[in-house]
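Observations on chain architecture
Chain by chain, the residues:
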Amino acid sequence: MAEGKQLLVTGGAGFIGSHLVRLLVKKYPDVQIWNLDALTYAGNLENLRDVENAPNLHFIKGDITDAAFLSDLFSRQSFDGIIHLAAESHVDRSITGPLAFVQTNVIGTVQLLEAARRQWADNLEGKRFYHVSTDEVYGSLGETGFFTEETAYDPRSPYSASKASSDHFVRAYFHTYGLPVIISNCSNNYGPFQFPEKLLPLMIHNIRQRKPLPVYGDGKYTRDWLWVIDHVEAIDTIYHKGVTGETYNIGGQNEWKNIDLVHLLCKTMDRLLDRPEGDSASLITFVKDRPGHDRRYAIDAEKLQRELGWTPKVQMAEGLEETARWYLDNEEWLHHVTSGEYQQYFQKQYGSRG
Ligand code: NAD
Ligand code: DAU
């Protein structure tokens, strides 16, 4: 990335966004990184504590659904690129409250597209709007097959429908206005800093506290897991080398049935906590299924590997152990995100600067 560039990252205080911001801040010291985040329950500036004083990192507290806020921001600051991750991201929450997903994932994305279109109207040269999306837009697979970039969209939860809708708007801005967009659709991420409502951190938290491990339905739902740092390295690669207007699938070639993954985690946790083998697995409890639960996701990431040379580096056993260790070593973080104490941290750290 060229010196003096201004890059806006939305959702940079969330799980994937914070890993991306860390990578960008360290790898491109001459690029100014603007982290725009509303700090919802899922956004936490403690995720970026190790880089918070970096001279090229700037935090802006704001909501992408707020047109007046975006208009003011874009009138004061020019951006060369935008990497858009801000979203409501949890499927279960989308089932109980779909409108928040429409608001942030659809309306918020369109507001951001509008802000970029207006700012870049006179000069699109060198600009890029990168939309970070999910494999869930493709729907659910049977026992075999993979999602490719050509797979027809078939979203089945309010979350995936909102992400599919945002993908369509991003493509519409490319075709209609020539906005230089690029999209990636990624499979399930895991690693440090993931909010403990998602499968792996929830299970780690419950194992530690000897609480039941709620496995939905028969537990034979399959996900393709990717180490979060492999994902943000893919985003960096696509942002810099990808072709405008194209879509790239990102995945780990790492399919696990939920129940098998939970068993592997239980074994890992027994070892790390010095508990007898089988101790954690005895907590597994099959519970009522998620409505409309997608049976299987699996990504074909061949295009990204062939055209841009990206490959995942971290194997599941290694990544899972690192994740488990991180949560065990960071109980304070877990306590803060579950108790809302990070809001106080924000006030203390940023005062009225946000
Ligand atoms: P997350 O829920 O951990 O973080 C989302 C971030 O967006 C939070 O920091 C939150 O404060 C912020 N945000 C939410 N609403 C906002 C708003 N209106 N304005 C400004 N900021 C707002 O999510 P994540 O898991 O890090 O996912 C990031 C992106 O990657 C999402 O777009 C998601 O759809 C996509 N994705 C996630 C996964 C995954 O496995 N987690 C996989 C593929 C794609
Ligand atoms: O595929 C990418 C998507 O992966 C992202 O776009 C989403 O933002 C992200 O949340 C994730 O969605 P999932 O629904 O696959 O993730 P979750 O961690 O909620 O669930 C993973 C699997 O585990 C899923 O089959 C549901 C199941 N599950 C989940 C929870 C929270 C359980 O069996 N028990 C649970 O308590």
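Note that the structure is predicted; figures quoted are calculated from it, not measured. (Residues numbered from 1 in each chain as written. Chains lettered and ligands numbered in written order. Predicted model: local features only at pLDDT ≥ 70, side-chain atom pairs only at ≥ 80, totals over all residues. Heavy atoms only, no water.)

Remarks on the site of ligand 1
Contacts to ligand 1 come from 28 residues, most closely from Ile-16, Asp-37, Ser-89, Tyr-159 and Lys-163. Here an oxygen atom of ligand 1 sits 3.5 Å away from a polar atom, N or O, in the main chain of Leu-39. For ligand 1, whose unbound accessible area comes to 840 Å², protein coverage reaches 96%. Listing elements by their share of the shell around ligand 1, those giving two or more residues are helix H1 (15-27), strand S5 (128-134), helix H5 (158-177) and strand S7 (188-190). No other element matches S5, which puts three residues into the shell around ligand 1. Looking at the shell around ligand 1 residue by residue, the class counts come to 13 nonpolar, twelve polar and three charged. (Near = heavy atom within 4 Å. Polar contact = N/O pair within 3.5 Å; in protein donor to acceptor, adjacent residues only side chain to side chain. Areas by Shrake-Rupley, 256 points an atom, 1.4 Å probe, with all protein chains shown as cover. Helix = DSSP H or I, 4+ residues; strand = E, 2+ residues; numbered from the N terminus. Nonpolar A, V, L, I, M, F, W, Y, C, P; charged D, E, K, R; others polar.)

Quick word on the packing of aromatic side chains
Applying the stated criterion across every chain, the model contains 15 aromatic pairs. Between Phe-101 and Tyr-159, the aromatic rings sit 6.3 Å apart at their centres with planes inclined by 85°, giving edge-to-face as the arrangement. Remark: Tyr-159 occurs in helix H5 and Phe-101 occurs in helix H4 (residues 98-119); sequence separation between them is 58 residues. An angle of 45° between the planes, with centres 6.3 Å apart, marks the rings of Phe-147 and Tyr-297 as tilted. Pair noted here: Phe-147 is in the loop between S5 and H5 and Tyr-297 is in the loop between strand S12 (284-287) and helix H9 (302-308), with a separation of 150 residues, a long-range link. A residue is classified by how much of its surface remains accessible, and Phe-147, at 1% relative accessible area, is buried. Owing to a relative accessible area of 1%, Tyr-297 belongs among the buried residues under this scheme. Within the aromatic cluster, the residues linked to one another by ring pairs are Tyr-138, Phe-147, Tyr-153 and Tyr-297. The ring of Tyr-177 has Arg-117 sitting right over it, with the charged end atom 4.0 Å from the ring centre. (Phe/Tyr/Trp six-rings, centres within 6.5 Å; stacked < 30°, edge-to-face > 60°. Buried < 20%, exposed > 50% of the residue type's maximum accessible area, 1.4 Å probe, protein only. Lys NZ or Arg CZ within 6 Å of the ring centre and 35° of its normal.)

Looking at the packing of helix H2 (residues 67-76) against H4
Orientation of H2 relative to H4, taken along the N-to-C sense of each, is 30°, at an axis distance of 10 Å. Here H2 is positioned roughly parallel relative to H4, judged by the angle of their axes. Judged by the twist between their axes, the crossing of H2 over H4 is right-handed. Together, Ala-67, Leu-70 and Phe-74 of H2 and Gln-111, Leu-112, Ala-115, Ala-116 and Gln-119 of H4 make up the contact between the two elements. (Axes fitted to C-alpha atoms, helices over the stretch in contact; angles between N-to-C directions. Parallel < 35°, antiparallel > 145°, perpendicular 65-115°, else oblique. Left-handed = near helix turned anticlockwise from the far one by under 90°. Contact = heavy atoms within 4.5 Å.)

Here's the deal with a nonpolar patch on the surface
Together, Leu-99, Val-102 and Ile-107 make up a nonpolar patch on the protein surface, roughly 270 Å² of accessible area in all. Along the chain, Val-102 turns up in helix H4. (Patch = residues over 30% accessible without salt bridge, like charges linked within 9 Å, V, L, I, M, F, W, Y side chains within 5 Å. Salt bridge = Lys/Arg side-chain N within 4 Å of Asp/Glu carboxyl O.)

Comments concerning the nonpolar core
Judged by nonpolar contacts, the single largest core of 40 residues is most densely connected at Leu-24, Ile-83, Tyr-130 and Ile-250. Put simply, the parts of the chain that give this core at least two residues each are strand S1 (6-10), H1, S5, strand S6 (181-186), helix H7 (228-241), strand S10 (247-250) and H9. (Core = buried A, V, L, I, M, F, W, Y, C linked by side-chain atoms within 4.5 Å.)

Function cannot be read off these values alone, since they describe shape.
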